[in-house]
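# Analysis of the macromolecular model
Here's the letter readout for the chains.
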Amino acid sequence: MRRGSINKKLTGEQIQCIWNKRHLWGAQRSAIMVKELSGFYIKVSQVFATKPDLLPKQYVDSLKFVFEDCRETQYRKVQKLLKYQLGITLQTTFTEFTKRPIASATIAQVHLAQLRESNEKVAVKIQHPGSSDLMLSDIKNMLHVSIFMDTVGFKPPFDHTGILREYAQQVPKEFDFIRENDMLNSIGNYISRVDCNIEIPRSQPCLCSRKVLTMGFIVGDRCDTIFAAAEPILDQQEISSEFCRSLFSSYGYQLFGIGIFHSDPHPGNVFLTKSGACALLDFGQMKVLRDETQLLFARMIIALKGDSAECVKLMKQIGLKLDKTTTDIEMIIAYLLFDTRMDIREAKISPLSSELPQELRVVSLSEIDSDIFMIIRIVSMFRGILTSQGVDVHARSIWYSFALAVLYRNGEYYFHSSHVDLSQKANVLREQMKDLSKWMRSHDLPHNRDALLPFAMAGIFTTSELRRVILSEKTCNLPAIFRNFSESDMERCLLVVGNM
């Protein structure tokens, strides 16, 4: 190389071009390595493949295979597994059954089929033989290395051992398709009943076993492909925002309503259906929250909604230990970990970027409570979805009424405003709920806390808000709102409110 070319100053565009080539080189080799390692390495890569806000685009694109294009189990093995697990043959049970899976991930692959008796299109999820042993062996080995690193004093700026221990608790449950079937039929059906904007496949219990799960087939597209189409969709920003609001709303019911949530919302499990609804697939990785954690997280959302410094104290109570930080930095971190707002500068800077402020670069997350890690995980994935779609939807605003309902359910609603900077707002809502209760009682309708809790979860605190819902297009949500009313009481209430 000539000396003159060494000293030549490159333009920003030329520098970026060099980086793009290096990133592509590294991304392609990373993808090859992940494919060869498979197991838990693919599981972890599913998070990175959702993170254009963390990694260069080349890495995110190269890792997208982890959602549905992993190693396949041979067709003859699939036939044997179905016969052994269910005691059936393809010919007697199905009129159609794809030889190649329509999707294959780290734990299982999915075949499209049609039932002979009903002609219903179904998805048949079949566990890869040996995948459980490989996955659990990977986690065990990683955990041994992580504990050794702790012992010798080599500590990354996050609680890697705590995170791996949580994975060691949760991942084995994904291999039990009987549990997934139960979750699909209970939690999934509950979500689809209370929120008409969410679709959940229904299982076929007679065609399910510990390693086979048969469920209804939902027609749609992965959320990362439909919004990244070559041809822009009309009103794409509006559609993307509404899609994310529907997704976050479904998690409001999960996190704050039943305390059990889908903890793996990567694009391979989140679809936009042909009807425009948000579909949630794969109920294998379901996290059950402790009551204490649910209550603390509800307080956190209320504090974040009011931009209250109370969230700094709550992070400690919830099980996070931050080192080398200040109160202002901890406020920012609270938004980054527990909310999806993209309107702050730090939300748009990758932790790997040279532009990351030094005060954030030195922060260490030295302890993460196992019960809260999966919440941080889903929020991180939501941020990746928002970044890829170029929209800004704040989860704390959507989850606020759900969080208030948790406090209301735990008897805290009436005093919570004394220690959070939301006293005026909380007092207003408290008085509105009292007035709604009095109105219900005056019309001889159910008016106790249990009866009105679903109203609070739906953000309904006044008769005018109830009337607005009744007159809107979302009347399919009414049975969920009135689920603690008898059918006759519900009809009478709707009649009275409708005539107001």
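Residues numbered from 1 in each chain as written. Predicted model: local features only at pLDDT ≥ 70, side-chain atom pairs only at ≥ 80, totals over all residues. Heavy atoms only, no water.

### With respect to the overall build of the protein
- Helix and strand counts for the protein come out as 22 helices and 13 strands.
- Over its C-alpha atoms the protein spans a radius of gyration of 25 Å, differing by no more than 12% from the 23 Å that the globule rule assigns to 500 residues.
- Dimensions of the protein, computed from C-alpha atoms along their principal axes, come out at roughly 85 × 65 × 50 Å.
- Within the protein, the proportion of its 500 residues that are buried is 54%.
- Partitioning the contacts of the protein with sequence separation of at least 6, the portion at a separation of at least 24 is 69%.
- If you sum the accessible surface of the protein, you get close to 23900 Å²; carbon and sulfur atoms cover 53% of it.
- With 61 positive and 56 negative side-chain charges, the protein shows a spacing of 5 Å between the two charge centroids. (Helix = DSSP H or I, 4+ residues; strand = E, 2+ residues; numbered from the N terminus. Rg over C-alpha atoms; globule rule 2.2 N^0.38 Å. Buried < 20%, exposed > 50% of the residue type's maximum accessible area, 1.4 Å probe, protein only. Contact = heavy atoms within 4.5 Å. Areas by Shrake-Rupley, 256 points an atom, 1.4 Å probe, with all protein chains shown as cover. Lys, Arg positive; Asp, Glu negative; His and termini not counted. Charge placed at Lys NZ, Arg CZ, Asp CG, Glu CD.)

### Some remarks on the packing of aromatic side chains
- According to the stated counting rule, one finds 13 aromatic pairs in the structure shown.
- Judged by centre distance (4.9 Å) and plane angle (75°), the ring pair of tyrosine 253 and phenylalanine 402 falls under edge-to-face. With tyrosine 253 in helix α11 (residues 236-258) and phenylalanine 402 in helix α17 (residues 395-409), this pair connects stretches of sequence that are 149 residues apart. Phenylalanine 402 shares its class with tyrosine 253; the two are buried.
- Taken together, the aromatic side chains of Phe256, Phe297, Phe338 and Trp399 make up a single cluster linked through ring pairs.
- For lysine 35, the ring lying beneath its charged end belongs to phenylalanine 65, and the centroid distance is 4.9 Å.
- Over the ring of tyrosine 400 we find lysine 305; its NZ or CZ atom is 5.3 Å from the centre of that ring. (Phe/Tyr/Trp six-rings, centres within 6.5 Å; stacked < 30°, edge-to-face > 60°. Lys NZ or Arg CZ within 6 Å of the ring centre and 35° of its normal.)

### Remarks on the confidence of the model for the protein
- For the protein, per-residue confidence averages 86 on the pLDDT scale, and residues scoring 70 or more make up 93% of the total.
- In the predicted structure, residues 414-424 sits below a pLDDT of 50 and forms 19 contacts with residues beyond four places in sequence or in another chain. (pLDDT = per-residue confidence, 0-100.)

### Comments concerning a positive patch on the surface
- Among the surface-exposed residues, Arg71, Arg76, Lys77 and Lys80 lie close enough to one another that they form a single positively charged patch.
- Relative to the helices and strands, arginine 76 is located in helix α5 (residues 75-86).
- A residue is classified by how much of its surface remains accessible, and arginine 76, at 48% relative accessible area, is partly exposed. (Patch = residues over 30% accessible without salt bridge, like charges linked within 9 Å, V, L, I, M, F, W, Y side chains within 5 Å. Salt bridge = Lys/Arg side-chain N within 4 Å of Asp/Glu carboxyl O.)

### Quick notes on the state of the cysteines
- Counted by the stated rule, this structure contains zero disulfides.
- Between cysteine 206, a free cysteine, and cysteine 208, which holds the nearest cysteine sulfur, the sulfur-to-sulfur gap is 8.5 Å. (Disulfide = S-S within 2.5 Å.)

### Things to note about the environment of methionine 374
- By the element assignment, methionine 374 lies in helix α16 (residues 370-389).
- Sequence-distant contacts of methionine 374, that is, excluding residues within four places in its chain, are made with Glu166, Tyr167, Gln170, Phe261, Ser263, Gln285 and Lys287.

### Some details on the environment of isoleucine 318
- Note on placement: isoleucine 318 falls in helix α13 (residues 310-318).
- A sequence separation of 25 residues divides isoleucine 318 from threonine 293, and the C-alpha atoms of the two residues are 6.7 Å apart.
- Apart from residues lying up to four places away in sequence, isoleucine 318 is in contact with Leu296, Phe297, Phe338, Asp369 and Ile372.

### Overview of the pairing of strand β6 (residues 212-216)
- The buried count for β6 comes to five of five residues, which makes it a mostly enclosed element.
- For strand β4 (residues 121-127) and β6, the ladder comprises five bridges, and the chain directions are antiparallel. Looking at the pairing, isoleucine 126 lines up with valine 212 of β6. (Pairing = 2+ DSSP bridges.)

### Some points on helix α8 (residues 160-170)
- Of all 11 residues that make up α8, eight are buried, and the element is covered over most of its length.
- For α8, the full list of buried residues reads His160, Thr161, Gly162, Ile163, Leu164, Glu166, Tyr167 and Gln170.
- Residues of α8 that are buried make contact with α3 (40-48), α7 (131-151), β11 (286-288), β13 (364-368) and α16.

### Remarks on the layout of surface pockets
- By volume, the largest pocket is sized at about 1900 Å³.
- Phe48, Leu54, Phe158, Ile163 and Pro351 are the residues nearest the centre of the largest pocket, which is lined by 48 residues in total. (1 Å grid on protein atoms, 1.4 Å probe; cavity = no way out; pocket = protein on both sides within 12 Å on 5 of 7 lines; lining within 4 Å. Points joined across faces, edges and corners; volume = space filled by probe spheres on them.)

### Some words on the packing of α17 against helix α19 (residues 449-457)
- Relative to each other, α17 and α19 sit at 160°, their axes nearing to 8 Å. With respect to α19, the element α17 is oriented roughly antiparallel. Judged by the twist between their axes, the crossing of α17 over α19 is right-handed. Seen from α17, the contacting residues are Ser401, Phe402, Ala405, Tyr408 and Arg409; seen from α19, they are Arg449, Leu452, Leu453, Ala456 and Met457.
- For the contact of α17 with α19, the residue count by class is seven nonpolar, one polar and two charged. (Axes fitted to C-alpha atoms, helices over the stretch in contact; angles between N-to-C directions. Parallel < 35°, antiparallel > 145°, perpendicular 65-115°, else oblique. Left-handed = near helix turned anticlockwise from the far one by under 90°. Nonpolar A, V, L, I, M, F, W, Y, C, P; charged D, E, K, R; others polar.)

### Comments concerning the pattern of salt bridges
- Tallied over the entire structure, the rule returns 24 salt bridges.
- For glutamate 242, the salt bridge identified is with arginine 245, shortest N-O distance 3.1 Å. Pair noted here: glutamate 242 and arginine 245 are both in helix α11, with a separation of three residues, about one helical turn.

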